[in-house]
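Listed below are the residues making up each chain.
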Amino acid sequence: MTGDSGKNVFLLTGKPRVGKSTLIKNMIHRLGSECCGGFYTEEIRDDNERIGFKCVAVDGESLEIASIKNNSIFKIGRYGVDVKGFEDFAIPLLESSFQSKKVIVIDEIGFMQMLSLPFQEWIRKIVFDQQHVVLGTIPVDSHPEIDKIKNHFRVEIIHISEDNRDTIADEIMQMILTKIE
C-alpha cells in the first residue's frame, strides 16, 4: 500500500472468502454508524452451503439480492440476481451517504452489482468525487467498468490475504482517519 495522500477510495481485493467483508464490518464498527453509510454483502447459508447473498445497510436493515432459488433472467454463476430489488435497496443508501456521511461503504463493487446501470452511475459519481472517503471491496477478476474504477487515480487497491488480513486493519484505519479528520 502506498498511502498516497491523493487517494480517498480504499478498495479491498483478494480471493473469495479471504475476509474482505469481515474487515469492512470491523471498520464500520470502529468508525461508527454516525460516520459511515452504505452497505456490505453477506452470504446466505443453508447448513454448510452458500445459497445466496444479502445486502446489509450499515444500520442493519437487509435484503436478499441473489439466490440459487431465484429464477431471474440475470444470472451470475448459479445465482439469480434481483437487480431491481438491489437498486431499490442500495441506491437510496448511496444517495443518503453521499449527502450526509464522511465514509461511504460499498461492499461490494462486484459482478452482481454491476448488472445495475444506476448503481454503475452512482459508483462513478462517488468514486470520482473528491469529497468522500470510500471503503469498499472489488473483485480481482477483470470487468470493463470495474477496471475503470480500479485504475482511477484516487483509488488505492489493498490486497487482502490470509497472511495480512489480521494485521492490516490498523493501517487501513489510519489511512481513513487521515482523510476524514
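Residues numbered from 1 in each chain as written. Predicted model: local features only at pLDDT ≥ 70, side-chain atom pairs only at ≥ 80, totals over all residues. Heavy atoms only, no water.

### Digging into the environment of Cys36
- Its place among the elements puts Cys36 in strand β2 (residues 36-46).
- For Cys36 and Gly77, which are 41 residues apart along the polypeptide, the C-alpha to C-alpha distance reads 31 Å.
- Residues contacting Cys36, with those up to four places away along its chain left out, are Ile28, Leu31, Val58, Lys101, Val103 and Val105. (Helix = DSSP H or I, 4+ residues; strand = E, 2+ residues; numbered from the N terminus. Contact = heavy atoms within 4.5 Å.)

### Points about the pairing of strand β4 (residues 62-67)
- The pairing of strand β3 (residues 49-57) with β4 spans five bridges and is antiparallel. By the bridge assignment, Phe53 is partnered in β4 with Ala66.
- Between the antiparallel neighbours β3 and β4 lie four residues, among them Gly60 with a positive phi of about 105°.
- Where β4 lies against strand β6 (residues 79-81), two bridges are found, and the strand directions are antiparallel. Residue pairing across strands places Ser67 opposite Gly80, the latter belonging to β6. (Pairing = 2+ DSSP bridges.)

### Some details on the nonpolar core
- Phe39, Leu94, Ile106, Ile109, Phe119, Ile126 and Ile149 are the most contacted members of the largest nonpolar core, which totals 33 residues.
- Only β1 (9-13), β3, β4, β6, α2 (83-100), β7 (103-106), α3 (117-127) and α4 (144-150) provide two or more residues apiece to this core.
- Looking at which element gives the most residues to this core, the answer is α2, with eight residues.
- Residues Val18, Val58, Val105 and Ile168 belong to the second largest nonpolar core, which totals 26 residues. (Core = buried A, V, L, I, M, F, W, Y, C linked by side-chain atoms within 4.5 Å. Buried < 20%, exposed > 50% of the residue type's maximum accessible area, 1.4 Å probe, protein only.)

### Brief notes about the pattern of salt bridges
- Tallied over the entire structure, the rule returns twelve salt bridges.
- Close ionic contact of Glu42 with Lys25 constitutes a salt bridge, the shortest N to O distance being 3.0 Å. Of this pair, Glu42 sits in strand β2 while Lys25 sits in helix α1 (residues 20-31), and the two are 17 residues apart along the sequence.
- Judged by relative accessible area, Lys25 falls into the partly exposed class, the value being 30%.
- Linked through salt bridges whose partners overlap, the residues forming this network are Arg17, Glu43, Arg45 and Arg50. (Salt bridge = Lys/Arg side-chain N within 4 Å of Asp/Glu carboxyl O.)

### Observations regarding α2
- For α2, with 18 residues, the first-to-last C-alpha span of 25 Å sits near the 26 Å given by 1.5 Å per residue.
- Restricting attention to buried positions, one finds in α2 the residues Val83, Gly85, Phe86, Glu87, Phe89, Ala90, Ile91, Leu93, Leu94, Ser97 and Phe98.
- Those residues of α2 that are buried are in contact with β2, β3, β4, β6, β7 and α3. (Expected span 1.5 Å × (residues − 1).)

### Details of α3
- Restricting attention to buried positions, one finds in α3 the residues Phe119, Gln120, Trp122, Ile123, Ile126 and Val127. Buried residues in α3, looked at end-on, bunch into an arc of 165°, giving them a common side. Opposite the buried face of α3, at more than 90 degrees from it, the exposed residues are Leu117 and Glu121.
- With a side-chain oxygen lying 3.1 Å from the backbone nitrogen of Phe119, the N-terminal cap of α3 falls on Ser116. (Arc of directions from axis to C-beta. Polar contact = N/O pair within 3.5 Å; in protein donor to acceptor, adjacent residues only side chain to side chain.)

### What about the side chain of Lys20?
- Looking at the element boundaries, Lys20 is found in helix α1.
- Separated by 3.0 Å, the side chain of Lys20 and the backbone oxygen of Lys15 make a polar contact.
- If we skip the residues at most four places from it in the chain, Lys20 touches Leu12, Thr13, Gly14, Lys15, Thr137 and Ile160.

### Here's the deal with the packing of aromatic side chains
- One pass over the full model with this rule turns up five aromatic pairs.
- Summarising the aromatic geometry, the rings of Phe86 and Phe119 are spaced 5.2 Å apart at their centres and angled 65° between planes, so their arrangement reads as edge-to-face. Pair noted here: Phe86 is in helix α2 and Phe119 is in helix α3, with a separation of 33 residues, a long-range link.
- Here Phe119 falls in the buried class, since its relative accessible area comes to 0%.
- Among the aromatic residues, those joined into a ring-pair cluster are Phe39, Phe86 and Phe119. (Phe/Tyr/Trp six-rings, centres within 6.5 Å; stacked < 30°, edge-to-face > 60°.)

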